[in-house]
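The lines below spell out each chain.
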Amino acid sequence: MSNPSTVEKTISYIFLILVGVLLASPFLYMISIALASDATTVKSAFTFVPMEFQWSNFYTIFTNNNLGTYLKNSVIITIFTIVGSVLSASIVSYGFARIKAKGSRFLFIVLLSTMMIPGEVTMVPQFIIFRHLDWINTFYPLIVPSFFAGAFNVFLIRQFVMSIPKSLDEAAMIDGMGHPGIYWKIIMPLTYPILAAIAIFSFSYNWGNFMGPLIYINDPEKMPLALGVQLLTTVGGGQMPPWNLVMIASLFLTIPMVLVYLFGQRYVYEANISGGSSGIK
């Protein structure tokens, strides 16, 4: 006779497998469409399980539809925004966590309050500023703001830094090290997990960012992948969009984010734990 605990585990595994299959079904359908032939695409006779394997679709989208250009633009934008987000947020967080200046607590609360401002409120003023700077149709509006620390990132890193013993700073100061050296040689290595989480958050947002490029980018040669996917669906004369090619581009948009989260989820988990470990002091 089966042990009740074994039966419960079996039922749990079966339930989790069914839920996993259900959640993965749109991704499987995407793969099936991506491997469909042009004839199947015109008829919209797609199947849930791949029945065709037109690997030439990958060659077609790279040679005839500028997918390589879209990927290159997305990589450039994402890399620079990750660097800007991590560096700026870590520097500001160190200041709030370790330098006790008059009014710093008030400034930190003001910084946190900016998270309550909807992005739609600042969208038009930002566009006007970037237009006066002649940054429209460039990568600058998508990259430069990341070098001005975001409130959420500052909050997470500051809470993490607050949990690091100040005795390390004091020992370094006795040896003659200043704040720049303490930040770079002591705090930065110790905050690696939370910085990795910030990098993952930044990657997820910027790799799939659609609204920003839609507002600021007009030249197809400068469009990132998210906007390029939408451009592939734009056809004239009542023609059917090449859904097989669109799904291939969508795969390149989806798979990197899944892989990054799969291998970096422990850092995100640590960020969620450390985010509330210290109060606003």
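Residues numbered from 1 in each chain as written. Predicted model: local features only at pLDDT ≥ 70, side-chain atom pairs only at ≥ 80, totals over all residues. Heavy atoms only, no water.

Rules: UniProt positions are given in the numbering used here, feature names are shortened, and annotations may be inferred rather than shown by experiment.
Per an unreviewed UniProt entry, the chain is named ABC transporter permease, and its organism is Paenibacillus amylolyticus. Within the UniProt record for the chain, the comment given under Subcellular location (unreviewed entry) is "Cell membrane".

## Notes on helix 10 (residues 179-190)
The test is simple: Helix and strand assignments come from DSSP, with helices taken as H or I runs of at least 4 residues and strands as E runs of at least 2, each series counted from the N terminus. Given the number of residues in a helix, its expected span is that number minus one, multiplied by 1.5 Å. The buried label goes to any residue with under 20% of its type's maximum accessible area, the exposed label to any with over 50%, and the partly exposed label to all in between, with areas taken from a 1.4 Å probe on protein chains only. In this description, contact between two residues means that some pair of their heavy atoms is separated by no more than 4.5 Å.
The end-to-end C-alpha distance of helix 10, which contains 12 residues, comes to 15 Å, matching closely the 16 Å that a straight helix rising 1.5 Å per residue would cover. Three or more residues of helix 10 are buried, namely Gly181, Ile182, Tyr183, Ile186, Ile187 and Met188. For helix 10, the elements touching its buried residues are helix 4 (67-98), helix 8 (151-162), helix 9 (167-174) and helix 11 (192-207).

## Let's talk about unusual backbone geometry
Even without a glycine there, the phi angle at Ser44 is positive, about 55°. Along the chain, the position of Ser44 falls in the loop between helix 2 (38-43) and helix 3 (56-64). In this structure, Asn137 is a non-glycine residue whose phi angle is positive, near 70°. Position of Asn137 relative to the elements: it lies in the loop between helix 6 (119-132) and helix 7 (140-143).

## Brief notes about the UniProt feature "transmembrane region" (unreviewed entry) in the chain
Taking the UniProt record as the reference, the feature "transmembrane region" (unreviewed entry) is found at residues 12-36, 75-94, 106-130, 142-161, 182-205 and 243-264. Along residues 106-130 one finds 80% helix and 0% strand; the C-alpha atoms at either end are 30 Å apart. Secondary structure content for residues 182-205 is 96% helix and 0% strand, and the end C-alpha separation is 30 Å.

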